[in-house]
Amino acid sequence: MNRSELEKVLELAERRDSVAEELERVRQLEVEIERDVAVELAVPDLIAVIEQRTAAIAAIARELEREWSAQGPLVLLWTRAAEQLQQAESAGVDPEPYRAEVAAAERRVEAARLETRDHRELLEAERNQLLTVVERLPVEMEPPIEPRDDARPEALRRDALALIETGDLARELLQHERDRAAAQLAMARAELSRRGSAQELERELADINARLPAEVELPSNAPPSMEMRLRRVGIAVTAGARE
């Protein structure tokens with residue numbers, strides 16, 4: 001094989017490497033596009049579910065606020081009864097009537113808080129559904145808090161508000177991710193349009209590989225750089241006769 005023919009082989013090998021790089025990039029773009037399309041398709045449904053859950057949690061928070069307001073006078077009577085019991089014990093007065101009043105006040109508060117415990121169970125169920133959505137997010141975020149084991153409506157209301165904040169944050173992250181995916185999609189599709197399809201590049205690469213020799217005979221008068229260039233592109237070299 002003379003020098004001119006070897007140069008053509010080198011050009012073809014370089015073209016092969018260029019097409020292989022193009023093909024690798026196209027496949028990467030296709031993966032990126034598939035991922036971002038999935039994000040775009042999933043985000044609206046996820047946001048809708050989050051809005052449903054936060055609306056339900058907000059309704060529970062309003063009920064807890066109502067219970068907090070309703071239980072306030074009962075808790076105040078319980079506290080005053082306990083204070084009167086302490087005063088009676090300090091003054092050496094018979095504490096039994098005061099102790100009975102404390103017990104009665106406590107029973108009234110506990111009875112009122114049975115409804116609060118029901119709302120805690122509802123809040124726990126909503127939290128678990130919100131957690132399921134958070135785990136499906138295309139971005140990472142802290143899981144929603146678990147409602148505390150506390151029968152006080154004011155404490156559970158704080159937990160409900162914290163869960164609403166988690167839902168709002170998840171919605172903001174999703175909207176940001178949707179915007180990012182849309183921008184990336186536009187750029188990736190434009191680049192893919194310039195580079196061509198993977199099928200076209202695969203056909204061209206197969207054609208080049210079919211035309212490339214696996215081994216060439218190098219004339220003795222070829223410069224040393226020729227052999228190095230050939231070996232660099234993966235073509236074996238044998239020494240030929242002197243020209």
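In this text the structure is predicted, and so the values were computed from the model without any measurement.

Peer 1: A description of the overall build of the chain should follow, citing residues and the corresponding values.
Peer 2: A count of helical and extended segments in the chain gives five helices and two strands. Seen in sequence order, the chain has helices and strands lined up from the N terminus as α-α-α-α-β-α-β. A compact globule built from 243 residues would reach a C-alpha radius of gyration of about 18 Å, whereas the chain, at 38 Å, exceeds it by more than 25%. Taken along the three principal axes of its C-alpha coordinates, the chain extends 130 × 35 × 20 Å. Burial status across the chain gives 36% buried among its 243 residues. For the chain, long-range pairs separated by at least 24 residues make up 72% of all intrachain contacts whose partners lie at least 6 apart in sequence.

Peer 1: Describe the packing of helix α1 (residues 3-91) against helix α5 (residues 224-232), listing the residues and the values that go with them.
Peer 2: Between α1 and α5, whose axes approach to 10 Å, the crossing angle comes to 30 degrees. On the basis of their axis angle, the class for α1 and α5 is roughly parallel. Where α1 crosses over α5, the handedness of that crossing is left-handed. Two secondary-structure elements touch here, α1 through R3, L6, E7, V9, L10 and E14 and α5 through M226, R229 and L230. Its residues assigned to classes, the contact of α1 with α5 comprises five nonpolar, no polar and four charged.

Peer 1: I'd like a description of the environment of L77, backed by residues and values.
Peer 2: Topologically, L77 is positioned in helix α1. Its relative accessible area of 43% is what places L77 among the partly exposed residues. C-alpha of L77 to C-alpha of D36: the two residues are 41 residues apart in sequence and 60 Å apart in space.

Peer 1: So what's going on with the environment of Q199? Which residues, and what values?
Peer 2: Looking at the secondary structure, you find Q199 in helix α4 (residues 198-211). With 176 residues separating them along the chain, Q199 and L23 place their C-alpha atoms 8.9 Å apart.

Peer 1: Kindly report on the pattern of salt bridges, identifying the contributing residues and their values.
Peer 2: Close approach of charged atoms allows side chains with opposite charge to pair. Under the counting rule described, the total for this entry stands at 24 salt bridges. Of the charged contacts, one joins D150 and R152 as a salt bridge, the two residues approaching to 2.7 Å between their closest N and O atoms. Since its relative accessible area comes to 32%, R152 is described here as partly exposed.

Peer 1: How would you explain the nonpolar core if you had to name every residue and give the values?
Peer 2: Among soluble globular proteins, nonpolar side chains are generally buried collectively. Among the nonpolar cores identified, the biggest contains 26 residues, and L6, L212, V216, L218, M226, L230 and I235 are the most heavily contacted of them. Those elements that provide at least two residues to this core are α1, α3 (153-195), α4, β1 (215-218) and α5. For this core, the element with the highest residue contribution is α1, accounting for 10 residues. V39, V133, L137 and A170 belong to the second-largest nonpolar core, a separate cluster that totals 12 residues.

Peer 1: Could you give an account of helix α2 (residues 96-135), naming the residues involved and the relevant values?
Peer 2: In this model α2 runs 55 Å from its N-terminal to its C-terminal C-alpha over 40 residues, within 8% of the 58 Å that 1.5 Å per residue would give. Where α2 bends most, at L114, the angle is about 30 degrees.

Peer 1: With reference to specific residues and values, describe the pairing of strand β2 (residues 236-239).
Peer 2: Two faces make up the sheet, and in a regular strand the side chains alternate between them. As defined by bridge partners, β1 adjoins β2 across four bridges and the pair is classed as parallel. In the strand pairing of β2, E215 is matched with A236. Crossover β1 to β2 through α5 is right-handed.

Peer 1: Can you tell me about the packing of α1 against α2, naming the residues and giving the values?
Peer 2: Two quantities define a packed helix pair, namely the angle between the helix axes and the distance between the axes. Closest axis-to-axis distance for the α1/α2 pair is 9 Å, and the angle between their directions is 165 degrees. Overall, the two elements α1 and α2 adopt an arrangement that is roughly antiparallel. Once α1 is placed against α2, the crossing between them reads as left-handed. Of the residues that constitute the contact of α1 with α2, the class distribution is 24 nonpolar, five polar and 12 charged.

Conventions used here
- Every chain begins its residue count from 1, and numbering advances along the sequence as written.
- Per-residue local features of the predicted model are confined to residues with pLDDT of at least 70, and side-chain atom pairs are confined, for both listing and counting, to 80 or more; whole-chain, interface and lining totals are unaffected and use all residues.
- Excluded from the side-chain calculation are hydrogens and water; included are all heavy atoms of the structure.
- A helix here means a DSSP run of H or I that spans at least four residues, while a strand means a run of E at least two residues long, and both kinds are numbered starting from the N terminus.
- When we talk radius of gyration, it's over C-alpha atoms, and the globule rule is simply 2.2 Å times the number of residues to the 0.38.
- Think of it in three bands: with a 1.4 Å probe and only protein chains considered, a residue is buried below 20% of the maximum accessible area for its type, exposed above 50%, and partly exposed in between.
- Working rule for contacts: check all heavy atoms of both residues, and any pair within 4.5 Å makes them a contact.
- For helices, the fitted axis covers only the stretch in contact; all axes are lines through C-alpha atoms, and the angles between them, taken along N-to-C directions, range from 0 to 180 degrees.
- In what follows, roughly perpendicular refers to angles from 65 to 115 degrees, roughly parallel to angles under 35, roughly antiparallel to angles over 145, and oblique to any angle outside these ranges.
- The hand of a helix crossing depends on one turn: near helix anticlockwise from the far one by less than a right angle means left-handed, and clockwise means right-handed.
- All residues other than Ala, Val, Leu, Ile, Met, Phe, Trp, Tyr, Cys, Pro, Asp, Glu, Lys and Arg, Gly among them, are scored as polar; the first ten of these are nonpolar and the last four charged.
- The salt bridge criterion pairs a side-chain nitrogen of Lys or Arg with a carboxyl oxygen of Asp or Glu, the two atoms within 4 Å.
- Only buried residues count toward a nonpolar core. Its members are Ala, Val, Leu, Ile, Met, Phe, Trp, Tyr and Cys residues joined through side-chain atoms within 4.5 Å.
- Each helix should span, by expectation, one fewer than its residue count multiplied by 1.5 Å.
- Bend at a given residue is defined as the angle between two axes, one fitted to the seven residues that end at that position and one fitted to the seven that begin there.
- Pairing between two strands requires that DSSP report at least two bridges joining them.
- By the criterion used throughout, a crossover qualifies as right-handed when its path from the first strand across the helix to the second strand runs clockwise, the strands pointing away from the viewer.

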